[in-house]
Amino acid sequence: MGGEEFAVGCLLSIKTTLGDEFEGQIISYDRLSNILVLQEGLESGPRRNIRLLKADYIKDFSLLRQDEDPLDVKKCFLDLTTLQAREDSAIRQAESDSERFGVGVTSEAQTLFDALSRTLPVRWDKTVIVVMNEVRVSSPYLPESVSGGTPAANERVRKVLEFERKRIQTRGTSQ
């Protein structure tokens, strides 16, 4: 298929080798990778479905019409405030998620941390699990490794650790 069939703005009806059928407008075509960037459907508006399609997967296509450039700067609208808010939210979530992974700890320690986090607020302080900002669980993360906090909080963390360790052992012997 020649590049002239893939001119920006062309509205195509496409059948793929995988059985998909759809209509899309060409936003971009990269000859080197042979990939089309298509905006599916005819709707315009703030949200659009974009599909990347390797041209090798096109079984059949027909040109429906030549339209104007879908990325005409004069007609595009980007809500930069909303985009910035989404980016900030994604960064905060990624940072929050990364704090849940212990650095330099065993997979067993991470499993115990994850189990504690299901019912209690936890965080890592280097290789120490800190529960409820008061109880500390140090390596080797046994019930005897629990320190600090009120006796009730301390006991609760010990019970969760005991239960999780039994579950890990049961899972290990059943495999």
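For the structure, see preceding data.
Analysis parameters
- Residues numbered from 1 in each chain as written.
- Predicted model: local features only at pLDDT ≥ 70, side-chain atom pairs only at ≥ 80, totals over all residues.
- Heavy atoms only, no water.
- Pairing = 2+ DSSP bridges.
- Helix = DSSP H or I, 4+ residues; strand = E, 2+ residues; numbered from the N terminus.
- Contact = heavy atoms within 4.5 Å.
- Axes fitted to C-alpha atoms, helices over the stretch in contact; angles between N-to-C directions.
- Salt bridge = Lys/Arg side-chain N within 4 Å of Asp/Glu carboxyl O.
- Buried < 20%, exposed > 50% of the residue type's maximum accessible area, 1.4 Å probe, protein only.
- Core = buried A, V, L, I, M, F, W, Y, C linked by side-chain atoms within 4.5 Å.
- Phe/Tyr/Trp six-rings, centres within 6.5 Å; stacked < 30°, edge-to-face > 60°.
- Lys NZ or Arg CZ within 6 Å of the ring centre and 35° of its normal.

Draft legend 1. A look at the sheet that holds strand β8 (residues 135–137). Taken together, the four strands give an open sheet; going across it, the order is β6-β7-β8-β9, and neighbouring strands pair in antiparallel fashion. Both edges of this open sheet fall to β6 (122–125) and β9 (146–147), since each of them pairs with a single strand only. One ladder, built from three bridges, connects strand β7 (residues 128–131) with β8; its direction is antiparallel. Bridge pairing in β8 places I129 opposite V137. The sheet contacts of helix α2 (residues 107–117) involve β6 and β7, and relative to β6 the element is tilted by about 145°.

Draft legend 2. The sheet that holds strand β2 (residues 21–30), seen in detail. Pairing is antiparallel in the open sheet, where five strands are placed in the order β4-β3-β2-β1-β5. A single partner strand is all that each edge strand has here, and the edge strands are β4 (50–54) and β5 (58–66). The mean angle between the axes of side-by-side strands here comes to 40°, regardless of whether they run parallel or antiparallel. One ladder, built from five bridges, connects strand β3 (residues 35–40) with β4; its direction is antiparallel. In the sheet register, L38 faces β4, and the bridge partner there is R51.

Draft legend 3. Main features of the environment of L64. Looking at where L64 falls in the secondary structure, it is placed in strand β5. Residues L64 and C10, 54 residues apart in the sequence, show an inter-C-alpha distance of 7.6 Å. The residues contacting L64, other than those within four sequence positions of it, are L11, L12, S13 and E23.

Draft legend 4. Spatial organisation of the pattern of salt bridges. All told, the structure shown has eight salt bridges when counted by the stated rule. One salt bridge in this structure joins D67 and R65, with 3.2 Å as the shortest N-O distance. In this structure R65 comes out as partly exposed when scored by relative accessible area, which is 39%. Close ionic contact of D125 with R136 constitutes a salt bridge, the shortest N to O distance being 3.1 Å.

Draft legend 5. How the structure looks around the nonpolar core. L116, I129, V131, V137, Y141 and V157 are the most contacted members of the largest nonpolar core, which has 18 residues in total. For this core, the elements supplying multiple residues, two or more each, are α2, β6, β7, β8 and α3 (151–174). Membership of the second largest hydrophobic core comes to 12 residues, among which are F6, C10, I26 and I58.

Draft legend 6. Representation of the packing of aromatic side chains within the structure. One pass over the structure, following the stated rule, counts two aromatic pairs. Considering the side-chain rings of W124 and Y141, the 6.5 Å spacing of their centres and the 90° angle between planes classify their relative orientation as edge-to-face. Within this pair, whereas W124 is found in strand β6, its partner Y141 is found in the loop between β8 and β9, the two being separated by 17 residues in sequence. Classification of W124 as buried rests on a relative accessible area of 12%. Residue class for Y141 comes out buried when judged on its relative accessible area of 6%. Taken together, the aromatic side chains of F113, W124 and Y141 make up a single cluster linked through ring pairs. A cation over a ring is seen here: R51 above F22, with NZ or CZ 3.9 Å from the ring centre.

Draft legend 7. Looking closely at the side chain of S145. One can find S145 in the loop between β8 and β9. Look at S145 and you get buried, because its relative accessible area is 15%. Residues contacting S145, with those up to four places away along its chain left out, are R136, V137, S138, S139 and P140.

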